[in-house]
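Read off the chains here:
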Amino acid sequence: MRNRLALALLGLMLALPAVAADYVALPGGRFASVLPADGKAAPAQIAPFRLRTEPVTNAEFLAFVKSHPEWRRDRVASILADQRYLSHWADAETLGSGALPRQPVTRVSWFAAQAYCESEGARLPSWYEWEYAAAADATRRDARSDPAWREKLLSWYSRPSSAPLPDIGGAPNVYGVRDITQPVWEWVDDFNALLVASDSRDQNDPDVLKFCGAGAVSLQEKENYAVLMRIAMLSALQAADTTNNMGFRCAKPE
Amino acid sequence: MKRLLPLFAMLLLLGSARAATPLPGDSIYNLKVQLTDQDGHQQLLSARRGRPQLMSMIYTSCKMVCPMIIDSMRLTRNALDPATRAQIDLLAVSFDPARDSVATLKDYAEKRKLDPRIWTLARTEPAQVRQLSGVLGLQYRQLPDGEFNHSSELILLDADGRIAARTARIGKLDPEFVEAIRKVVAQPRG
């Protein structure tokens, strides 16, 4: 009896990684984001959620494109993905030498990332969820004050963008989330909501109305500029844009 | 009546020919967005294909700039000659589906005297709000107190749902934008 139980447990343990490696639970809570919730100083409130442990890979995205042909690069509507969408693949349904199966998929638009997550019964994480998950290191939930954490985040910028992307499979952080700050940047659901004017009543100059967002939001933790640069990058993008190093992962409710 | 029949047949044929024309890739109607209007009618955004749309995004509890967006839409429409005016529809989609129920939209439309034959106030699900704002290039962000920060623009869609013009001038008339509407309405559909 005891043996059988042990066997069953062993079986369960062996089976678990295949299932549970996909998404891990993160507790959420109050989080001091670089982007105050009220545009001034309020911390973000993050509900418990689950996050994909790894970014979506070329192989995974290829399987999605095959089952959702409207997202093939030769069929996608131009308003949903720009000209460079998946342009590093050999053809619409072949990865080829420029896109290895275990590399994170890049050159995907926000719309395409969102559609992929939907096909997994998931959604894109919010900025707060992403920033919160990325704040951890191997042992701490919030390692952001540690110079080593900042150094790691900054080292991304010194990697030439022409260098081939490494395969995913980096060391997990304390939640079991891998590859979140490297090797790619990731789309978030509210990428176009990060720098919006907190007061758009100034009607004198239409250009000021449109662009005063960047000046109106006060950013916290200015020394944390590696994270702030990500916000600037995301805010500069349109939802159909694709870039060499923008990938994504998905999130689910608790 | 007999004379009308061929006319009906022709209209039907025309209608089906239009439906058969593939959507241009740069049309926002490539996005599947289910709208529910102030009367509870459901309609796909793409069902608005066929007539140019003057549109924006708002939320009804907004006290600051949203009433000015509605005013600007009205002002813009009123600046058009009657023939042009009759060719366009006005559409405002809510950023705030949690609070903008059908009843709230209806109430707002009545308070602001928005004629339902001209105006569609609509809500859609949160994920689709984000998608719609994505294709329109509008930014919004919900604050902890429930208010929204958002960019304020009027957008002109041509009959196939392509963004033909936009203006960030809110609160007063943008003559160039009015001219753009005239041109889009006047252009023959191919």
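About the thresholds
Residues numbered from 1 in each chain as written. Chains lettered and ligands numbered in written order. Predicted model: local features only at pLDDT ≥ 70, side-chain atom pairs only at ≥ 80, totals over all residues. Helix = DSSP H or I, 4+ residues; strand = E, 2+ residues; numbered from the N terminus. Buried ≥ 20, exposed ≤ 12 C-beta atoms within 10 Å, placed from the backbone. Contact = placed C-beta atoms within 7 Å. Nonpolar A, V, L, I, M, F, W, Y, C, P; charged D, E, K, R; others polar. Core = buried A, V, L, I, M, F, W, Y, C linked by C-beta atoms within 7 Å. Pairing = 2+ DSSP bridges. Axes fitted to C-alpha atoms, helices over the stretch in contact; angles between N-to-C directions. Right-handed = clockwise from strand over helix to strand, strands pointing away. UniProt positions renumbered as here; feature names shortened; annotations may be inferred.

### Structural notes on the overall build of chain B
Logical step 1: Helix and strand content of chain B: six helices and nine strands.
Logical step 2: Here chain B holds 190 residues, and 42% of them are scored as buried.
Logical step 3: Put simply, 67% of the contacts in chain B that link residues at least 6 apart link residues at least 24 apart.

### A look at the interface of chain A and chain B
Logical step 1: Listed per partner, the contact involves 26 residues of chain A and 27 residues of chain B.
Logical step 2: Looking at the side of chain A that touches chain B, the elements with two or more residues in it are helix H3 (110–119) and helix H6 (206–211) of chain A.
Logical step 3: Looking at the side of chain A that touches chain B element by element, the count peaks at three residues for H6 of chain A.
Logical step 4: Of the residues in the side of chain A that touches chain B, the class split is 13 nonpolar, seven polar and six charged.

### Things to note about the nonpolar core
Side chains that are nonpolar tend, in soluble globular proteins, to be buried together.
Residues and elements named next belong to chain A.
Logical step 1: One finds Ala112 and Ala113 to be the most contacted residues of the largest nonpolar core, which totals 103 residues.
Logical step 2: Counting residues per element, this core draws most heavily on H3, which supplies six residues.
Logical step 3: In this structure, Ala113 is in contact with Val108, Leu124, Trp187 and Phe248, ignoring residues within four places of it in sequence.

### Observations regarding the sheet that holds strand E4 (residues 49–52) of chain A
All names here are of chain A.
Logical step 1: Spatial ordering of the open sheet is given by E1-E4-E7, a layout of three strands whose pairing is antiparallel. With one partner strand each, in any of the chains shown, strand E1 (23–26) and strand E7 (251–253) form the two edges of the open sheet. With direction set aside, neighbouring strand axes in the sheet form an average angle of 30°.
Logical step 2: Both E4 and E7 contribute to a ladder of three bridges, which runs antiparallel. For Arg50, the partnering residue across the bridge sits in E7 and is Lys252.

### Structural notes on the environment of Ser78 of chain A
Logical step 1: Summarising the element assignment, Ser78 of chain A is placed in the loop between helix H2 (58–67) and H3.
Logical step 2: You can call Ser78 of chain A partly exposed: it has 14 C-beta atoms within 10 Å.
Logical step 3: On a C-alpha basis, the gap between Ser78 of chain A and Ala240 of chain A in space is 7.8 Å, while along the polypeptide they are 162 residues apart.
Logical step 4: Beyond its immediate chain neighbours, meaning those up to four positions away, Ser78 of chain A contacts Gly25 and Asp26 of chain B.

### Details of the pairing of strand E5 (residues 119–123) of chain B
Residue and element names in this part refer to chain B.
Logical step 1: Most of E5 sits out of view: five of its five residues are buried.
Logical step 2: Pairing between strand E1 (residues 34–37) and E5: two bridges, direction antiparallel. The partner of Asp37 across the bridge, within E5, is Ala122.
Logical step 3: Examined bridge by bridge, strand E4 (residues 89–94) and E5 share four bridges and lie parallel to one another. When the sheet's bridge partners are listed, Leu91 is paired in E5 with Thr120.
Logical step 4: Taken together, E4, helix H4 (residues 102–111) and E5 constitute a β-α-β crossover, and its handedness is right-handed.

### Quick notes on the UniProt feature "binding site: Cu cation" (unreviewed entry) in chain B
Residues and elements named next belong to chain B.
Logical step 1: In the numbering used here, UniProt assigns the "binding site: Cu cation" (unreviewed entry) feature to Cys62, Cys66 and His150. Across 89 residues, the annotated set stays spatially compact, with a maximum C-alpha separation of 10.6 Å.
Logical step 2: Note that Cys66 resides in helix H2 (residues 66–78).
Logical step 3: What Cys66 contacts, discounting residues up to four positions off in sequence, is Ile58 and Tyr59.
Logical step 4: Tracing the backbone shows His150 in strand E7 (residues 148–150).
Logical step 5: By C-beta crowding, His150 is classed as buried, having 27 other C-beta atoms within 10 Å.

### Here's the deal with the pairing of E4 of chain B
Residues and elements named next belong to chain B.
Logical step 1: Burial runs high along E4: five of the six residues are buried.
Logical step 2: As paired elements, strand E3 (residues 53–58) and E4 share six bridges and run parallel to each other. Looking at the pairing, Met55 lines up with Leu91 of E4.

### Focus: the sheet that holds strand E9 (residues 163–167) of chain B
All names here are of chain B.
Logical step 1: Strand order in the open sheet made by the seven strands is E2-E1-E5-E4-E3-E8-E9, with mixed pairing throughout. Here the strands that pair on one side only, and so sit at the sheet edges, are strand E2 (42–44) and E9. In this sheet, neighbouring strand axes are inclined to one another by 30° on average, regardless of whether the strands run parallel or antiparallel.
Logical step 2: In terms of strand pairing, E1 meets E2 through three bridges, oriented antiparallel. When the sheet's bridge partners are listed, Thr36 is paired in E2 with Gln42.
Logical step 3: In the packing of H4 onto the sheet, contacts are made with E1 and E5, and the angle to E5 comes to roughly 155°.

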